[in-house]
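As a plain string of letters, each chain reads:
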Amino acid sequence: MGMPGVGKGTQATVLRELLGVPHVSTGDILREAVRAGTALGRRVKSILDSGQLVSDDLMRELIAERLGQDDAREGFILDGFPRTQEQVKVLDGVLEQLHISMDAAYVLTAPEDEIVRRLGGRRVCPKCSEVYHLETKSPASAGVCDACGSALVQRADDTEAVIRDRLRVYAEQTMPVAETYRERGLLREIDATGPPDEVAGRLKKAVGKP
Ligand code: AP5
């Protein structure tokens, strides 16, 4: 968990390698559906572009389907879900069905001006979802994905006005979710300031694999 742009995707990739379980990013799944022009993608495109949340009903369907897949049997890292109190209940239900319990909820924290800097410089690969930054993680060849050679793009929701809306939506709808996990004794706060490697070091320590 954590504010838009705090580095959830960047750090989830590190955890995926470390733990050998899939990284399930609901944002990536939705963006892929938009890119592929599926029925789901057509339904959610304008919602994603505006920085609002997709409905809980739709997310319920999407997450149950994804977590039911074979590669998630031994566990998974969730990135961007749950984001509302209703989604907490959805996740509780899915975990119960799968006989899996949650180890922890990690929340990454950084000051808002750092968030704006990270999102302003972000470039992403529309094909393989690899994430770059103009200052802190530039590709070997400007504007081209190192992993698959596609042209990098700026996300439609990384404009100043939409970033402000996403931060507001996070404060109103997702911060209470963190409190729920704090009350359950599952919340671990990770200082996400400093370079990605430093943040990864703190996270690895928190998951007990320094
Ligand atoms: P989603 O894709 O989840 O967006 P988000 O939460 O806004 O998070 P981001 O992907 O923007 O950022 P991040 O924290 O992963 O940061 P990153 O690692 O890229 O969701 C998008 C939309 O989908 C939502 O607005 C909503 O519409 C919909 N949606 C998704 N899930 C939903 C749900 N459950 N319910 C309803 N709707 C849902 O890093 C950012 C940049 O900073 C990168 O350029 C990176 O290279 C750089 N960076 C990272 N770490 C560092 C560091 N330590 N120092 C310097 N730079 C860094």
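The residue numbering used here restarts from 1 in each chain and proceeds along that chain's sequence as written. Per-residue local features of the predicted model are confined to residues with pLDDT of at least 70, and side-chain atom pairs are confined, for both listing and counting, to 80 or more; whole-chain, interface and lining totals are unaffected and use all residues. Side-chain measures here rest on the full set of heavy atoms in the structure, leaving out hydrogens and waters.

## Considering the packing of aromatic side chains
Between two aromatic rings, the relevant description is the distance of the centres plus the angle of the planes. Any two rings among Phe, Tyr and Trp, with Trp reduced to its six-membered ring, count as a pair given centres within 6.5 Å; such a pair is stacked if its planes are under 30 degrees apart, edge-to-face if over 60, and tilted if neither. According to the stated counting rule, one finds 0 aromatic pairs in the structure shown. Placement of a charge over a ring requires the Lys NZ or Arg CZ to be within 6 Å of the ring centre, with the centre-to-atom vector within 35 degrees of the ring normal. Sitting over the face of the ring of Tyr132, Lys137 holds its NZ or CZ atom 5.1 Å from the ring centroid.

## Overview of the site of the ligand
Residues are counted as near a molecule or strand when any one of their heavy atoms sits within 4 Å of it. Near the ligand there are 34 residues, and of these Thr10, Gln52, Arg83, Arg122 and Arg166 occur at the shortest range. Counted as a polar contact is a pair of N or O atoms within 3.5 Å, where, for protein atoms, one must be capable of donating a hydrogen and the other of accepting one, and residues adjacent in sequence contribute only when both atoms are in side chains. Contact distances for the ligand include 3.3 Å between a nitrogen atom and a side-chain N or O atom of Arg118. Across the complex, the protein chains shield 97% of the 1,100 Å² of accessible surface that the ligand would expose by itself. Of all elements in the fold, only α1 (8-19), α2 (26-36), α6 (112-120), β5 (131-133) and α8 (196-206) reach the threshold of two or more residues within the shell around the ligand. Secondary structure follows DSSP: runs of H or I at least 4 residues long count as helices, runs of E at least 2 residues long count as strands, and numbering of each begins at the N terminus. A total of 4 residues in the shell around the ligand trace back to one element, the largest contributor, which is α2. Split by residue class, the shell around the ligand holds 15 nonpolar, 12 polar and 7 charged. In short, Shrake-Rupley with a 1.4 Å probe defines the accessible areas, and a residue's cover is counted only from the protein chains shown. Just so you know the grouping, Ala, Val, Leu, Ile, Met, Phe, Trp, Tyr, Cys and Pro go in nonpolar, Asp, Glu, Lys and Arg go in charged, and all remaining residues, Gly too, go in polar.

## With respect to the pattern of salt bridges
Note on definitions: salt bridges are taken to be side-chain nitrogens of Lys or Arg within 4 Å of carboxyl oxygens of Asp or Glu. The full count for this structure, using the stated rule, is 25 salt bridges. In this structure, the salt-bridge partner of Arg166 is Asp158, at a minimum N-O distance of 2.9 Å. The class for Arg166 is buried, based on a relative accessible area of 9%. Taken together, the salt bridges that share partners define one network made up of Arg122, Arg155, Asp157, Asp158 and Arg166. To sort residues, take the accessible area from a 1.4 Å probe on protein chains only and compare it with the maximum for the residue type: under 20% means buried, over 50% means exposed, and anything in between is partly exposed.

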